[in-house]
Amino acid sequence: MRIAYLSIGRHLHTERWIRYFAQRGHECHLLTVQPGPMADVQVHDIRNGGLGKPHRYWRSLQRVRDVLARVRPDLLHTHFLTGYGYLGDWSRFHPNLLTVWGDDVYVTPHETRLKGLLARRALRSADALTGDSRDILECCVRLGADPARAFEVQWGVDLGVFRRDRSTGVRAELALPPEAPVLLSARSFTQPYYNLDIIIAAAARVVAARPDVRIIFAGYEGDQQPFIERARAAGLDGVARFVGRIPHERFADYLAASDVFITVPSVDATAVSLLEAMACGCSIVVSALPSALEWIRDGDNGAVVPPRDVDALVAALLQLVERPELRRRYGERCAQEAALRADHFVHMQRVEGLYRHLVEGAPLPDDLRSLAQQRSR
């Protein structure tokens, strides 16, 4: 097939998705306003200057239409509801598969009436929709998506890389004591809803009770300096390690070096980093968001706390720090869950079946059920 992707360029999620299909022998094109080289993929720069956002959108849309007319793909796969989703809708190209990511559903459509109208229109016009949790799909339906055309698909984990038995030298690199309980936070430094301030405040109280604990802070985007200063003010100087952006090929090493993975945002879909931490057998602390609760069950395979509740986070972390047998049990169960439900290659095979359904009219894969079918079970 010849597939055109309309998505965020130079982004790990986009690259992993497209790389799978390029390696499968499909002709892949990426249309983006963040162009950069990608092996075996033809990248098309749709940037355009303009006097304001509406004018820039209009000129980028003309480029999108020009590229689609020239390439003549079998399918347009649009990623991200807002922004790129608008362009995918306005292109009038079909079949158009839309994949939502997270705050493009949970946050942006609710900021203004116009953004809500544009999001609803994009959802209604898509021939099919994928999201990485039932919760995000339900949110899309409330915005106007058809549940019969909405499918849960994970970004998934490469289980050959992210695994419990992975050896690592990260502790030595970061001068972490071999026996120290290590906590890891690996969310963006840019968005306040990831609640890094709460993690820092909780970590300071955990370290006061257990001075042997160490904390690694990583972030895939944004400036970490304000958080370094906040951690220093909280008394974590010498205890916390701020490592910035971890290359994805090394992220499994950091997970393997950690005992507890912390992700407590106020808004989120199914975080790929959560699934990767599960696959590596980390014990997990998550905030009580519907997407996270589809994976983590409090007291069974992890700990669940309310967002922005420092006391609850401190209690959960101290319990795991002080009970290594509990960490091991949670980690084993998480790894089993990830192996069963989060295999990247299994989910991409389902997407390929969805592509063939949209392009050729082939039957949907037996293991790909719409939200409407899930509701009826």
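Refer to the structure presented above.
Residues numbered from 1 in each chain as written. Predicted model: local features only at pLDDT ≥ 70, side-chain atom pairs only at ≥ 80, totals over all residues. Heavy atoms only, no water.

Caption draft 1: Spatial organisation of the side chain of H44. Within the element layout of this structure, H44 appears in strand 3 (residues 41-45). Within polar-contact distance, the side chain of H44 engages the side chain of H29 at 2.9 Å. Residue contacts for H44: discarding those within four places in its chain leaves H29, L30, L31, T32, V67, R70 and V71. (Helix = DSSP H or I, 4+ residues; strand = E, 2+ residues; numbered from the N terminus. Polar contact = N/O pair within 3.5 Å; in protein donor to acceptor, adjacent residues only side chain to side chain. Contact = heavy atoms within 4.5 Å.)

Caption draft 2: Structural context of the sheet that holds strand 13 (residues 303-305). Across the sheet, which stays open at both edges, the 6 strands sit in the order 10-9-8-11-12-13 with parallel pairing between neighbours. Both edges of this open sheet fall to strand 10 (240-244) and strand 13, since each of them pairs with a single strand only. The sheet shows a mean angle of 20 degrees between the axes of neighbouring strands, taken without regard to direction. Running over the sheet, helix 13 (residues 310-322) touches strand 8 (182-186), strand 11 (260-263), strand 12 (283-287) and strand 13 and is turned about 175 degrees from strand 12. (Pairing = 2+ DSSP bridges. Axes fitted to C-alpha atoms, helices over the stretch in contact; angles between N-to-C directions.)

Caption draft 3: Highlighting the nonpolar core. If you look at the biggest cluster of nonpolar residues, it comprises 40 residues, and the most contacted ones within it are Y5, L6, W17, F21, L31 and Y355. Counting residues per element, the ones that place at least two in this core are strand 1 (2-6), helix 1 (12-23), strand 2 (27-32), helix 2 (53-71), strand 4 (75-79), helix 3 (84-91) and helix 15 (344-360). Those residues in contact with L6 that lie beyond four places of it in its chain are L31, I46, V64, L76, H77, T78, H79, Y84, L87 and G88. Residues A204, V239, A240 and V310 belong to the second largest nonpolar core, which totals 37 residues. (Core = buried A, V, L, I, M, F, W, Y, C linked by side-chain atoms within 4.5 Å. Buried < 20%, exposed > 50% of the residue type's maximum accessible area, 1.4 Å probe, protein only.)

Caption draft 4: Just the environment of V182, in detail. Within the secondary structure layout, V182 lies in strand 8. For V182, a relative accessible area of 0% corresponds to the buried category. Each C-alpha atom of the pair V182 and V33 lies 39 Å from the other, and the pair is 149 residues apart in sequence. Beyond its immediate sequence surroundings of up to four residues, V182 is in contact with R171, L176, R214, I216, A257, S258, D259 and V260.

Caption draft 5: Representation of the environment of A126. Examined against the element boundaries, A126 turns out to sit in the loop between helix 5 (113-125) and strand 6 (128-131). If we skip the residues at most four places from it in the chain, A126 touches N96, L98 and R149.

Caption draft 6: Looking closely at helix 11 (residues 272-279). For helix 11, the buried fraction is high: 8 of the 8 residues fall into the buried class. Here helix 11 has its buried residues at V272, S273, L274, L275, E276, A277, M278 and A279. In this structure, the buried side of helix 11 is in contact with helix 1, strand 8, helix 10 (248-256), strand 11, strand 12 and helix 14 (324-341).

Caption draft 7: Inspection of empty space enclosed by the protein at higher detail. Taken as a whole and judged by the stated rule, the model has 2 cavities of 30 Å³ or more. Each pocket or cavity is described by its volume, and for the largest cavity that value is around 70 Å³. What lines the largest cavity is simply T263, P265, D268, A269, T270, A271, L274, V286, S287, L289 and A292. A class-by-class count of the residues in the lining of the largest cavity yields 7 nonpolar, 3 polar and 1 charged. As a volume, the second largest cavity reaches approximately 50 Å³. Forming the boundary of the second largest cavity are L123, A126, A128, L129, A145, D146, R149 and A150. (1 Å grid on protein atoms, 1.4 Å probe; cavity = no way out; pocket = protein on both sides within 12 Å on 5 of 7 lines; lining within 4 Å. Points joined across faces, edges and corners; volume = space filled by probe spheres on them. Nonpolar A, V, L, I, M, F, W, Y, C, P; charged D, E, K, R; others polar.)

Caption draft 8: View of the layout of surface pockets. For the largest pocket, the calculated volume is near 960 Å³. The wall of the largest pocket is formed by 36 residues, among which H11, H13, Y194, Y220 and E221 lie closest to the centre. Within the residue set of the lining of the largest pocket, elements represented by two or more residues are helix 1, helix 10 and helix 11. Among the residues forming the lining of the largest pocket, the class breakdown is 17 nonpolar, 10 polar and 9 charged.

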